[in-house]
Amino acid sequence: MPVLTVGFDLDMTLVDSRPGIADTFRALTARTGVRVDAEAAVSRLGPPLRTEIAHWFPPEQVDAAVRTYRELYPAYAITPTVPMPGARAAIDAVRGRGGRVLVVTAKLGRLARLHLDHLGLAVDEVAGDLFAEEKATALRGHGATHYVGDHVADMVAARTAGVPGIAVATGPCSADELRAAGAEVVLDDLTGFPAALDGMIRLALGQ
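Residues numbered from 1 in each chain as written. Predicted model: local features only at pLDDT ≥ 70, side-chain atom pairs only at ≥ 80, totals over all residues. Heavy atoms only, no water.

**Remarks on the pairing of strand 4 (residues 100-104)**
The buried count for strand 4 comes to four of five residues, which makes it a mostly enclosed element. The pairing of strand 1 (residues 5-8) with strand 4 spans four bridges and is parallel. By the bridge assignment, Thr 5 is partnered in strand 4 with Arg 100. As paired strands, strand 4 and strand 5 (residues 125-127) are joined by three bridges and run parallel to one another. (Buried < 20%, exposed > 50% of the residue type's maximum accessible area, 1.4 Å probe, protein only. Helix = DSSP H or I, 4+ residues; strand = E, 2+ residues; numbered from the N terminus. Pairing = 2+ DSSP bridges.)

**Topic: the pairing of strand 6 (residues 146-149)**
Taking every second residue as pointing to the same face, both faces of strand 6 are buried, with His 146 and Val 148 on one and Tyr 147 and Gly 149 on the other. Two strands pair when backbone bridges link them, and strand 1 and strand 6 are joined in this way by three bridges, in the parallel orientation. Directly across from Val 6, in strand 6, lies its bridge partner His 146. With three bridges joining them, strand 6 and strand 7 (residues 165-168) adopt parallel strand pairing. Following the sheet pairing, Gly 149 is matched in strand 7 by Ala 167.

**Observations regarding the packing of helix 4 (residues 62-77) against helix 6 (residues 109-119)**
Helix packing geometry: the angle between the two helix axes and the distance between the axes. Look at helix 4 against helix 6: their axes get within 11 Å of each other, and the N-to-C directions meet at 5°. Here helix 4 is positioned roughly parallel relative to helix 6, judged by the angle of their axes. The residues of helix 6 that touch helix 4, namely those facing Arg 70, Tyr 73, Pro 74 and Ala 77, are Arg 110, Leu 111, Leu 114 and His 115. (Axes fitted to C-alpha atoms, helices over the stretch in contact; angles between N-to-C directions. Parallel < 35°, antiparallel > 145°, perpendicular 65-115°, else oblique. Contact = heavy atoms within 4.5 Å.)

**A look at the pattern of salt bridges**
Opposite charge on two side chains permits them to pair, given that their charged atoms come into close proximity. Counted according to the given criterion, the structure contains 13 salt bridges. Residue Arg 50 is joined to Asp 63 by a salt bridge in which the shortest nitrogen-to-oxygen separation is 2.2 Å. Of this pair, Arg 50 sits in helix 3 (residues 49-53) while Asp 63 is found in helix 4, placing the two residues 13 residues apart along the sequence. The class for Arg 50 is partly exposed, based on a relative accessible area of 45%. We classify Asp 63 as partly exposed; its relative accessible area is 42%. Close ionic contact of Asp 154 with Lys 135 constitutes a salt bridge, the shortest N to O distance being 2.7 Å. In this pair, Asp 154 is assigned in helix 8 (residues 152-161) and Lys 135 in helix 7 (residues 133-141), connecting sequence segments 19 residues apart. The pair formed by Asp 154 and Lys 135 is uniform in burial state, with each residue classed as buried. Where salt bridges share partners, they join Asp 9, Lys 135 and Asp 154 into one cluster. (Salt bridge = Lys/Arg side-chain N within 4 Å of Asp/Glu carboxyl O.)

Pasting the structure below:
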């Protein structure tokens, strides 16, 4: 069998970044004068930042708004972010079974690293600025055997990479939506991950 290598999405999978992201959007509004409904924005985390920014800014201002948001992000988004329930235990479960941990996220890699370092979540690799099918490239490149995420696009990533998708219903997508997108397992949150991983390993071994 290949070495156990589990990829995790970041926002609303490993970390609850909603408070910090909302603060960053409010700071963006203060900086630019363009109103962003921060609560609406954080209710649909998952797609690339440009997608959300485009809801609020005219097309010719999107690139500049994305740059400004990312400049503001370290000061506003890192400290308020907390681990999702079961996140530390999920990472420990992979390591305890001799595995490697990846984070594959739509967020820029350097910003994802700030979250992980601040929270003391130790991972082996971070691949950022990827969404849906794009994530499959990183999953394949790092030899992922499973991918865990909260969004239907994460299940698309797993399917495209040819690995089982493990869904957590902690983000904007319902359990039914995640199943319909191809999730092999749907969990309420990461607290159920260690047992689910053991079950999938036993199944792969034919036990």
